[in-house]
Every structure is written in C-alpha cells, then in structure tokens.
Amino acid sequence: MKTKTTKTTKPAIRFLKHFVTDGSVKAKVHYSHGQIYVDTKIGASAGFKECITLYAKSYSDGPNLRKIFPAAYQNDTDIMTDYFEEGRVRIFPENELFAAALLLCN
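Residues numbered from 1 in each chain as written. Predicted model: local features only at pLDDT ≥ 70, side-chain atom pairs only at ≥ 80, totals over all residues. Heavy atoms only, no water.

(A) Quick peek at the pairing of strand S3 (residues 26–38). The sheet contact formed by strand S2 (residues 19–21) and S3 spans three bridges and is antiparallel. Residue pairing for S3: Thr-21 is matched across the bridge by Lys-26. Counting the residues that bridge the hairpin from S2 to S3 gives four residues, and of these Gly-23 lies at a positive phi of roughly 100 degrees. (Pairing = 2+ DSSP bridges. Helix = DSSP H or I, 4+ residues; strand = E, 2+ residues; numbered from the N terminus.)

Okay, here's the thing in structure tokens:
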C-alpha cells in the first residue's frame, strides 16, 4: 500500500494596494521605499541600505502583520515613555518578496 507524502508549504504572500495577505490573514499597511542605516555585526561594513518598509495602519493590524511575517516583524513600543507604534516589517533587496513589494511603492 502506498502512502502519500504531503508537503506543507507556506502560503504565498500577496501585496495589494492597501493590504498584505497570506491567504488566511490580512493586514492593512502602507508602503515606504527608501534607505536605512544598518549597523551590521563586527567585521562587516555598516552603512545605508535600500529597503521597503511596511507599516501597519492600525493597532489591530499589527498582530496580523506579525502572523504574516513572524521573523521580520518589529514593534518598538515603549509603554514606560508613552511611545506607541503599530508595528512594521522591513524587506531588503536580497529577499524574494522585494520586487513584488516595490511595485506598490509610490
């Protein structure tokens, strides 16, 4: 009797004008294309690097953006100083999603 092997693949991430989705979760975002200063590890050169930043539009979209990009999600909220942000994801040129996100940057 043959057994089926099932491959679990991560759903494809789609970038749309007002939101990003992985097919099951949707997060409203706005896109920004520019350069940021990257301070790399010892031995590598630091400097400005091109990137696309996806900003969550509201506090309810932050958790959804985290579900879509669990490793790249950033939120620097600091409740001790009353600094709150919705969250963001940075995509660099070496990422295969860069070209798709770049098409939606104005």
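Picking up where we left off.
(B) Highlighting the pairing of strand S6 (residues 88–91). Relative to S6, strand S4 (residues 47–56) runs antiparallel, the two sharing four bridges. Bridging from a neighbouring strand, Ile-52 pairs with Ile-91 of S6. Across two bridges, strand S5 (residues 73–74) lies against S6 in antiparallel orientation. Across the sheet, the residue bridging to Tyr-73 is Val-89, located in S6.

(C) Region of interest: the nonpolar core. Ranked by size, the top nonpolar core spans 20 residues in total, and within it Phe-15, Val-20, Leu-54, Leu-65 and Phe-69 carry the most contacts. Not counting residues up to four positions away in its chain, the partners in contact with Val-20 are Ile-13, Arg-14, Phe-15, Val-25, Lys-26, Ala-27, Val-29, Leu-65, Ile-68 and Phe-69. (Core = buried A, V, L, I, M, F, W, Y, C linked by side-chain atoms within 4.5 Å. Buried < 20%, exposed > 50% of the residue type's maximum accessible area, 1.4 Å probe, protein only. Contact = heavy atoms within 4.5 Å.)

(D) Layout of the environment of Val-25. Considering the arrangement of structural elements, one finds Val-25 in the loop between S2 and S3. On the basis of relative accessible area, Val-25 is assigned to the buried category, the value being 16%. As a C-alpha pair, Val-25 and Lys-67 span 42 residues in sequence and 7.5 Å in three-dimensional space.

(E) Quick peek at the sheet that holds strand S1 (residues 14–15). Taken in spatial order, the six strands make up an open sheet running S1-S2-S3-S4-S6-S5, and their pairing is antiparallel. Bordering the open sheet on either side are S1 and S5, each of which pairs with just one other strand. Sitting on the sheet, helix H1 (residues 61–68) is in contact with S2, S3, S4, S5 and S6, with an inclination near 70 degrees to S3. (Axes fitted to C-alpha atoms, helices over the stretch in contact; angles between N-to-C directions.)

On their own, these measurements won't tell you what the molecule is for.
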